[in-house]
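Coordinate inspection notes
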Amino acid sequence: MGNLSDMKVSAILSALMATALITVVHAAPSKPPSGIDDDGDALQRLVINYNHTTAAAIVAEYNNALHNSNLRSNSIKAAAPVVSKDILPYCVALSPIKPVRIKIYKNQQTCDVNGFRTLWVFTAHNKKDKHHAATPACIGSASSQDSHQLFPERSECTGSIWKQEFVFYMSGKYGAENPAVGGVRETTERWIADNEKRMLMYPYYDGKIHWWTDGYQVGYRSRWRLASDREMTILRAELPKHAAVNNGVSVVPPPNAATQWCAQDLVAAYNWGAIVSTPNTVPGTVHPYFQSDATRDECAHLVPKSFIRMARVNVDGFIPVEIMIDNKVHAAVSIKADTPIIAAYVRIALQESLRTGAPLPVVVDPAQSDLIITVVAGTIAVIGGSAAYQHPI
Ligand SMILES: *[C@@H]1O[C@H](CO)[C@@H](O)[C@H](O)[C@H]1NC(C)=O
């Protein structure tokens, strides 16, 4: 497996989280505030000033480089990305007023609406998926108080002051769900305050410390936040190499449910801390869980046809990683070879490639190893751990 094991990485992450926790404890108020949390300013500082103009220019440059290269064959040039309609982005926006609250906007990658600001984004199943996302969560709005509430394990939530906005399906297994449910997921705690009038959901945020209650682990598929100016600059410098690699990669949507399930499971099998530049094709069974996940997900027949292909081409040290079933690529990323990178974040980039039907460029930030910078369906996104969310720079 990789040079940098995931165990080493999780040790580093635990250390980082312990540091973050100590900081938060010191900042906590010494007595309970009178019904009002005091963390509004701290949360406002975590909102990224995403420069839409610069982002659009960088994405246009990248798309131009992707589509104009001579390396690209005509057949690949004709293919347009097919973005999933079953798995959608949900944009979490922070209120401009205190006490703070969030709203969740369906099928949006940014959500600066009526003074609310984009805080972070998660993707989740929009339809029930019996193996990967079987449990509904209902989002209701209350116009009287300009807030949303998440009602877990409910498929409707109109009533009292609430009007149902939408339902999504939480990833992973809940309560008494049978062994047929499992699959990939990230989680974040949902917190509430003032008798459900306000809610908060932010990765690595410990609501208890700020007097929020009823923490509930919401499972979803992947998450990211918007990129800062500094992060955009780092991405931009490397994008021409990624375009040259991704020119020759054609991501196609899985043709049926079984292939979709196995492609997700194969993404979960990716576990290298760095990719060597030597071409290598590895069977999915390299990961001990892939076979059992595939059996659970009714795609065991695809296991012998499932491979992770690395470094098929090499452009000045940049190489593709391709998730392949039956000789078709269903997800791909481009990466700088021989560079330490946290496998968990590459997996999320691969999930987003599978969802959006396009290869993702994965760029390492030399100043912050706890995140990667990428492009998700035209948005410049940062995928990462506690440092990415607690101390964005
Ligand atoms: C975005 O970046 C451009 C180009 O650097 C700059 O002119 C503009 O003021 C920035 N916009 C915001 C809202 O910061």
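Shown above is the structure to which this text applies.
Now for a quick tour of the structure. Numbers given for residues are sequential positions, taken from 1 along each chain in its written order. Owing to the predicted nature of the model, reporting of local features is limited to residues with pLDDT of at least 70; listing and counting of side-chain atom pairs is limited to 80 or more, with chain, interface and lining totals taken over all residues. The basis for every side-chain value is the complete set of non-hydrogen atoms in the structure, without hydrogens or water.

**Focus on the sheet that holds strand β13 (residues 318–325)**
- When DSSP finds at least two bridges between two strands, those strands are taken to pair. Helical segments are the DSSP runs of H or I of at least four residues, strand segments are the runs of E of at least two, and each set is numbered from the N terminus. Pairing is mixed in the open sheet, where 5 strands are placed in the order β11-β12-β13-β14-β15. Only two strands of the sheet have a single partner each, and these edge strands are β11 (280–283) and β15 (360–361).
- Here β13 pairs with strand β14 (residues 328–336) via 8 bridges, running antiparallel. Looking at the pairing, V321 lines up with V333 of β14.

**A look at the pattern of salt bridges**
- In what follows, salt bridge is the name for a side-chain nitrogen of Lys or Arg lying within 4 Å of a carboxyl oxygen of Asp or Glu. For the structure on display, the rule yields 20 salt bridges.
- The partner of D112 in a salt bridge is R117, with the nearest N and O atoms 3.6 Å apart.
- The residue R225 makes a salt bridge to E231 at a minimum N-O spacing of 2.9 Å. As far as burial versus exposure is concerned, R225 and E231 are alike and both buried.
- Overlapping salt bridges, with partners in common, bring together D265, D293, R296 and D297 in one network. Each residue is assigned to one of three classes by its accessible area relative to the maximum for its type, calculated with a 1.4 Å probe on protein chains only: buried under 20%, partly exposed between the two thresholds, exposed over 50%.

**A few points about the nonpolar core**
- Ranked by internal contacts, the top residues of the largest apolar core, which has 54 residues, are I102, I104, W120, F122, L150, F168 and I380.
- If you count residues domain by domain, this core takes at least three from each of domain 1 (4–49 + 84–224) and domain 2 (52–82 + 226–384).
- When sequence neighbours within four positions are dropped, the list of residues in contact with W120 reads Y90, C91, V92, T188, M201, Y202, P203, Y220, R223, W224, R225 and Y389.
- Counting residues in hydrophobic clusters, the runner-up holds 49 residues, among them C111, V282, A343 and I383. To qualify as a nonpolar core, a set must consist of buried Ala, Val, Leu, Ile, Met, Phe, Trp, Tyr and Cys residues joined through side-chain atoms within 4.5 Å. For every domain, the bounds stem from an assignment made automatically or drawn from a database. Any two residues whose heavy atoms approach within 4.5 Å at even a single point are treated as in contact.

**Here we look at the pairing of strand β10 (residues 222–226)**
- A large share of β10 lies buried, amounting to 5 of its 5 residues.
- Pairing between strand β3 (residues 117–125) and β10: 3 bridges, direction antiparallel. Directly across from V121, in β10, lies its bridge partner W224.
- For β10 and strand β18 (residues 379–384), the ladder comprises 2 bridges, and the chain directions are antiparallel. Along β18, the bridge assignment pairs L226 with A381.

**What to know about the packing of helix α3 (residues 52–68) against helix α5 (residues 229–246)**
- The geometry of α3 relative to α5 is characterised by a closest axis approach of 8 Å and an angle of 15° between their N-to-C directions. Considered as vectors, α3 and α5 are oriented roughly parallel to each other. The hand of the α3/α5 crossing is right-handed. Each of T54, A55, A57, I58, E61, Y62, A65 and L66 in α3 lies in contact with α5, whose residues at this interface are M232, L235, R236, L239, H242, A243 and N246.
- Charged means Asp, Glu, Lys or Arg here, nonpolar means Ala, Val, Leu, Ile, Met, Phe, Trp, Tyr, Cys or Pro, and polar covers whatever is left, Gly included. Looking at the contact of α3 with α5, its residues break down into 10 nonpolar, 3 polar and 2 charged. Between N-to-C directions, angles cover 0 to 180 degrees, with each direction set by a line fitted to C-alpha atoms, over the stretch in contact for helices. Any angle that falls under 35 degrees is termed roughly parallel, while one over 145 is termed roughly antiparallel, one within 65 to 115 roughly perpendicular, and all others oblique. The handedness criterion is simple: a crossing whose near helix is rotated anticlockwise from the far helix by less than a right angle is left-handed, and one whose near helix is rotated clockwise is right-handed.

**Describing the side chain of S95**
- When you line up the elements, S95 lands in the loop between β1 (87–94) and β2 (102–106).
- Under the rule applied, a polar contact is a pair of N or O atoms within 3.5 Å (in protein, one hydrogen donor and one hydrogen acceptor; residues adjacent in sequence only if both atoms are side-chain atoms). Reaching out from S95, the side chain makes a polar contact with the backbone oxygen of I97 at a distance of 2.8 Å.
- S95 has contacts with Q44, V100, R101 and F116, leaving out every residue within four places of it along the chain.

**Examining the sheet that holds strand β7 (residues 186–193)**
- Read across the sheet, 3 strands follow the order β8-β7-β9 without closing on themselves; strand pairing throughout is antiparallel. Lying at the two open borders of the sheet, with one neighbouring strand each, are β8 (198–201) and β9 (213–220). Each adjacent strand pair in this sheet contributes to an overall mean axis angle of 25°, direction not counted.

**Looking at the packing of aromatic side chains**
- Stacked, tilted and edge-to-face are the three classes applied to pairs of Phe, Tyr and Trp rings, where Trp contributes its six-membered ring and a pair requires centres within 6.5 Å; stacked means planes under 30 degrees apart, edge-to-face means over 60, and tilted covers the rest. In this structure the tally under the stated criterion is 12 aromatic pairs.
- Here W120 and F122 contribute two aromatic rings whose centre-to-centre distance is 5.6 Å and whose plane-to-plane angle is 40°, an arrangement assigned as tilted.
- Their ring planes at 75° and their centres at 5.6 Å tell us that F151 and W162 sit as a pair that is edge-to-face. On the criterion of sequence distance, the pair formed by F151 in strand β5 (residues 147–152) and W162 in the loop between β5 and β6 (163–170) is long-range, its members being 11 residues apart. This pair shows no difference in class: F151 is buried, exactly as W162 is.
- A connected cluster of aromatic rings, assembled from ring pairs, spans Y90, W120, F122, F166, F168 and Y220.
- Whether a charge sits over a ring depends on NZ of Lys or CZ of Arg being within 6 Å of the ring centre and within 35 degrees of the ring normal. Its end group placed over the ring of F116, K103 keeps NZ or CZ at 4.8 Å from the ring centre.
- In this structure, R154 packs its charged tip against the face of F151, placed 4.9 Å from the ring centre.

By themselves, these figures tell us nothing about what the structure is for.
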